Amino acid sequence: MGGNVLKLGIPKGSLEEATVKLFGKAGYAIKIKSRSYFPTIDDDEIECMLIRAQEIARYVADGILDAGLTGKDWILENRVDVEDVADLVYSKQSLRPVRWVLAVPNDSDINSVKDLEGKRIATEAVNMTVDYLKKHGVTANVEFSWGATEVKPPRLADAIVEVTETGSSLRANNLRILDTIMESNTKFIMNKDAFKDDWKRDKVNRIVLLLKGAMAANTKVGIMMNVPKEHLEAVRKILPQSMKPTLSELTDKDWVALNVIMEETLVRQILPDLKQAGAEDIVEYPLNKIIH
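What you see is a predicted model; the values in this text were computed from it and never measured.

Rules of the game
Residues numbered from 1 in each chain as written. Predicted model: local features only at pLDDT ≥ 70, side-chain atom pairs only at ≥ 80, totals over all residues. Heavy atoms only, no water. Buried < 20%, exposed > 50% of the residue type's maximum accessible area, 1.4 Å probe, protein only. Helix = DSSP H or I, 4+ residues; strand = E, 2+ residues; numbered from the N terminus. Contact = heavy atoms within 4.5 Å. 1 Å grid on protein atoms, 1.4 Å probe; cavity = no way out; pocket = protein on both sides within 12 Å on 5 of 7 lines; lining within 4 Å. Points joined across faces, edges and corners; volume = space filled by probe spheres on them. Nonpolar A, V, L, I, M, F, W, Y, C, P; charged D, E, K, R; others polar. Polar contact = N/O pair within 3.5 Å; in protein donor to acceptor, adjacent residues only side chain to side chain. Pairing = 2+ DSSP bridges. Axes fitted to C-alpha atoms, helices over the stretch in contact; angles between N-to-C directions.

J.: Would you mind showing me how to read helix α2 (residues 53-61) here?
T.: Turn by turn, an α-helix covers 3.6 residues, leaving residues three or four places apart pointing in a common direction. Inspection of α2 places A53, Q54, I56, A57 and V60 among the buried residues, and these make up the whole buried set. For α2, the secondary structure elements touched by its buried residues are β1 (6-12), β4 (46-52), β5 (67-71), α3 (72-78) and β12 (186-190). Remark: G63 follows α2 within two positions and exhibits a positive phi of approximately 85°.

J.: Would you explain the layout of surface pockets in this entry?
T.: Which parts of space are left empty comes out when a probe the size of a water molecule is rolled across the atoms. Within this model, the largest pocket holds a volume of roughly 980 Å³. Taken together, 44 residues make up the lining of the largest pocket; nearest its centre are S14, Q54, W74, E124 and V163. Mapped onto the lining of the largest pocket, the elements with two or more residues apiece are β1, α2, β5, α3, β7 (98-105), β10 (159-164) and α5 (168-172). Of the residues assigned to the lining of the largest pocket, the class counts are 13 nonpolar, 19 polar and twelve charged.

J.: I tried to follow the side chain of E150 on my own but got confused; where do I start?
T.: Here E150 is to be found in the loop between β9 (141-144) and β10. A polar contact of 3.0 Å, which involves the side chain of E150, links it to the side chain of S169.

J.: Looking at this model, I keep getting lost on unusual backbone geometry. Mind explaining?
T.: The phi torsion of most residues other than glycine is negative, and most of the peptide bonds are trans. In this structure, P154 follows P153 across a cis peptide bond, with omega equal to 0°. Tracing the backbone through its elements, the reader meets P154 in the loop between β9 and β10. If you check the backbone angles, D281 has positive phi at about 50° while not being a glycine. Of note, D281 is situated in strand β16 (residues 280-285).

J.: What am I meant to see in the environment of G147 here?
T.: For G147, the position within the fold is in the loop between β9 and β10. When its relative accessible area of 34% is taken as the criterion, G147 is described as partly exposed. Separated by 51 residues in sequence, G147 and D198 have C-alpha atoms that sit 41 Å apart.

J.: Which parts of the structure should I look at to understand the environment of P154?
T.: Here P154 falls in the exposed class, since its relative accessible area comes to 61%. In this structure, the C-alpha to C-alpha distance between P154 and P105, residues 49 residues apart in sequence, is 6.7 Å.

J.: Can you help me understand the sheet that holds strand β8 (residues 120-123) in this one?
T.: What holds strands together in a sheet is hydrogen bonding between their backbones, with the strands either parallel or antiparallel. Overall, mixed pairing links the five strands, which are arranged β9-β8-β10-β7-β11 in an open sheet. Two strands bound the open sheet, and with one partner strand each, they are β9 and β11 (175-184). Between one strand axis and the next, the sheet turns by 25° as a mean value, whatever way the strands run. In terms of strand pairing, β7 meets β11 through eight bridges, oriented antiparallel. When the bridges of β11 are listed, L102 appears paired with D179. Against the sheet, helix α4 (residues 126-135) makes contact with β7, β8, β9, β10 and β11, and its axis sits at roughly 165° relative to β9, the strand it touches most.

J.: In this structure, what is going on with the environment of N78? I would like to understand it.
T.: Relative to the helices and strands, N78 is located in helix α3. As a C-alpha pair, N78 and N259 span 181 residues in sequence and 48 Å in three-dimensional space. Ignoring anything within four residues of it in the chain, the contact list for N78 reads Q54, A57 and R58.

Below you can see the structure in the form of structure tokens.
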């Protein structure tokens, strides 16, 4: 591979599938072969390496990678100095941040962080947990957990600090959340020296632009409807003022076709009002779902 090349870290593990899908929607086809840590990508200017999200920040800081995608949590946990290029709020299950929470068994007599004095805490995020306890003036025994952290209380630990999206795994293991230590989302980061390289910085900015566009498209849909001209003003007043709908003439000169892009969650809020104002044949696309 000759010429300029961006060495990019792709997170292996829980974020792997979501990241590959996001790149796919942005126009980059990443293919991961079993037992290989070097995925292929249909861009000769990018060289991918599959690395655990927990380690990417360190390799970016050391210059082994020019850039990478990892969580805000792992940047803080590794205590490294990298260039924060962009927030990409997605996780393995949703487009929401994840939370690192302090949790204890349902029947535990620990009811606040102050009750953790001298206790044993299991977590993969040792540095973050130590910093959290220090902020609250608490000294406890924080142990690194190699996995299955939720099953350790009460025999192997008094409490845990674990990452969660929905809290379902914690509840399934009879744990209750005492506090949220931090919220985290995926970030696109760069090595400090690589960021000073005009070509690499421009390359990353182009990738980020496409990724953000793909993420925005995940929450938006197109709405198409037919509207009598005499009711057009009433229909337009229902749409948010920032929206600029496209209007097209129909064969019936008394009607127009109105097309607009909006947040999918907004559709269900304004649909009854659109119908009442006179809109007909309302269709949501690209699903081509008739919703009138």
